[in-house]
Amino acid sequence: MSSYLLDSDIMIWHLRGKKVVTEMLRDLQKAGVPACSALSVLEVQLGVRHGEEEKTDRFLGSLRIFDIDRTVAGKAAQIVRENRARGITIDLPDAVIAATCILYDLLLVTYNKKHYPILQINFHPLPPL
């Protein structure tokens, strides 16, 4: 069972060796296997540098991955439309991640809170970088 959805920024900070983020992830594992969206897997994989492939694959393999299915896609579209009506632009990847959190009742773990001006999103508190 997952309680937390990791945004790609958290995953990248961990893979880049940011100690405070790695320690936080170890604490989160006590509540269950952390998760991420399949979209975050794509974002992380796009930034993999030569020599980081094995470490990245091992880390991604330790997470629960939420696929982008019709339900998630529909909720993401709803989030984009509702926010557009309020004059707020939500990027598609952020809408997908928000939809996943809402549908599966997950706390979002991110340093990019400003990307998620969505009332239904609950955030996990983070240590300063």
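Refer to the preceding data block for the structure.
Here is a short report on the structure shown in this document. (Residues numbered from 1 in each chain as written. Predicted model: local features only at pLDDT ≥ 70, side-chain atom pairs only at ≥ 80, totals over all residues. Heavy atoms only, no water.)

Remarks on the nonpolar core
It is characteristic of soluble globular proteins that their nonpolar side chains tend to be buried jointly.
Now for step 1: Grouped together as the largest cluster of nonpolar side chains are 20 residues, with contacts concentrated most on Leu5 and Leu108.
Now for step 2: The set of elements that each furnish at least two residues to this core consists of α5 (70–85) and α6 (92–104).
Now for step 3: Among the elements that take part in this core, α6 stands out by supplying six residues, more than any other.
Now for step 4: If near-sequence neighbours (up to four positions away) are discounted, leucine 5 is found in contact with Ala35, Cys36, Ser37, Phe66, Ile97, Thr100, Cys101, Leu106, Leu107, Leu108 and Val109.
Now for step 5: Counting 16 residues, the second largest nonpolar core, distinct from the first, contains Leu25, Phe59, Leu63 and Val109. (Core = buried A, V, L, I, M, F, W, Y, C linked by side-chain atoms within 4.5 Å. Buried < 20%, exposed > 50% of the residue type's maximum accessible area, 1.4 Å probe, protein only. Helix = DSSP H or I, 4+ residues; strand = E, 2+ residues; numbered from the N terminus. Contact = heavy atoms within 4.5 Å.)

A look at the side chain of serine 37
Now for step 1: With respect to the helices, strands and loops of the structure, serine 37 is situated in strand β2 (residues 35–37).
Now for step 2: According to the relative accessible area criterion, serine 37 is buried, its value standing at 0%.
Now for step 3: Of note is the side chain of serine 37, whose polar atom sits 3.1 Å from the backbone nitrogen of leucine 39.
Now for step 4: The residues contacting serine 37, other than those within four sequence positions of it, are Leu5, Ile65, Phe66, Ile68, Val96 and Ile97. (Polar contact = N/O pair within 3.5 Å; in protein donor to acceptor, adjacent residues only side chain to side chain.)

Overview of the pattern of salt bridges
Now for step 1: Throughout the structure, instances matching the rule amount to four salt bridges.
Now for step 2: With a shortest N-O distance of 2.8 Å, glutamate 52 and arginine 16 are connected by a salt bridge. Of the two residues, glutamate 52 is situated in the loop between α3 (38–46) and α4 (53–61) and arginine 16 in the loop between α1 (8–15) and α2 (19–28); the sequence distance between them amounts to 36 residues.
Now for step 3: Residue classification places glutamate 52 among the buried residues on the basis of a relative accessible area of 18%.
Now for step 4: Under the relative-accessibility criterion, arginine 16 is labelled partly exposed at 37%. (Salt bridge = Lys/Arg side-chain N within 4 Å of Asp/Glu carboxyl O.)

That is the geometry; function is a separate question.
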